[in-house]
Amino acid sequence: MDDLPSWLLTQTAAQAGRLVAAEFAAEGARGYHYRLLRSLIDEGPASQADLGRRTGIHFSDVVASLNELTTGGWIARTPDPADRRRNVVTITPTGLHRAEVLATRAAAVQDHLLAPLSQEERAAFVATLTKLLHHLRPHESEE
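Residues numbered from 1 in each chain as written. Predicted model: local features only at pLDDT ≥ 70, side-chain atom pairs only at ≥ 80, totals over all residues. Heavy atoms only, no water.

1. Here's the deal with the overall build of the protein
Within the protein one finds seven helices and three strands. Going from N to C terminus, the protein has its helices and strands arranged as α-α-β-α-α-β-β-α-α-α. With the C-alpha coordinates aligned to their principal axes, the bounding extent of the protein is approximately 55 × 35 × 25 Å. When each of the 143 residues of the protein is scored for burial, the buried share is 24%. The contacts of the protein with a sequence gap of at least 6 include a subset with a gap of at least 24, amounting to 49%. (Helix = DSSP H or I, 4+ residues; strand = E, 2+ residues; numbered from the N terminus. Buried < 20%, exposed > 50% of the residue type's maximum accessible area, 1.4 Å probe, protein only. Contact = heavy atoms within 4.5 Å.)

Written as structure tokens, this is what we have:
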């Protein structure tokens, strides 16, 4: 099995997932929180449905995570003036700080995960993973 890239990727992804989950749990956070906050920072305010599409998080998980982020004061949901049936989600100043804290935690995981690799190997590894992901999700590169 050690010669099957799919098996190696699956095993590595599982370990990486555990590392991220443990690091974020130490902050009382989950990976979905960071993904949603980063999307709001990188791409701006959005509806809940748009956040789900942007982050690849299932809608029911988006709603549950946004509820948690709202309770923490990290995001605000306000009715969309153009369509009162939907909410527009924005990040708060406290949410910006929260995202910085989680980014630091995520960076620590990346350093641990990629510790055996040189800077050049890390860059090549990320480039290879990106290329594979674009190959497997061709529709995303067209958006």
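2. Thoughts on the side chain of Thr92
Relative to the helices and strands, Thr92 is located in the loop between strand E3 (83-91) and helix H5 (93-113). Classification of Thr92 as buried rests on a relative accessible area of 15%. Thr92 has contacts with Gly73, Trp74, Ile75 and Ala76, leaving out every residue within four places of it along the chain.

3. Structural notes on the sheet that holds strand E1 (residues 46-47)
The strand order across the open sheet formed by three strands is E1-E3-E2, and the pairing between neighbours is antiparallel. Strands at the two margins of the open sheet, each flanked by one partner only, are E1 and strand E2 (75-80). Where E2 lies against E3, six bridges are found, and the strand directions are antiparallel. Paired with Arg77 across the strands is Val89, a residue of E3. Sitting on the sheet, helix H2 (residues 31-43) touches E1, E2 and E3, and the angle it makes with E3 is about 95°. (Pairing = 2+ DSSP bridges. Axes fitted to C-alpha atoms, helices over the stretch in contact; angles between N-to-C directions.)

4. Focus on the side chain of Ser39
Position of Ser39 among the secondary structure elements: in helix H2. For Ser39, a relative accessible area of 4% translates into the label buried. Once you skip the residues sitting within four places of it in the chain, Ser39 turns out to touch Gly44, Leu51, Arg54 and Thr55.

5. Topic: the nonpolar core
Formed by 18 residues in total, the largest nonpolar core has its most connected members in Leu37, Leu51, Leu66, Leu69 and Ile75. Where this core is concerned, the elements lending two or more residues are H2, helix H4 (59-71) and H5. Broken down by element, the residue count for this core peaks at four residues, all from H2. Each residue touching Ile75, except ones within four places of it in the same chain, is listed here: Leu37, Leu40, Leu66, Leu69, Thr70, Val89, Thr90, Ile91 and Thr92. (Core = buried A, V, L, I, M, F, W, Y, C linked by side-chain atoms within 4.5 Å.)

6. A closer look at H5
Between its terminal C-alpha atoms H5 stretches 30 Å, which fits the 30 Å expected from 21 residues at 1.5 Å a residue. Turning to H5, its buried residues are Gly95, Arg98, Ala99, Leu102, Ala106 and Val109. For H5, the angular spread of buried residues about the axis comes to 100°, placing them on one side. Across H5 from its buried face, at more than 90 degrees, point the exposed residues Pro93, Glu100 and Thr104. On its buried face, H5 sits against helix H1 (5-25), H2 and E3. (Expected span 1.5 Å × (residues − 1). Arc of directions from axis to C-beta.)

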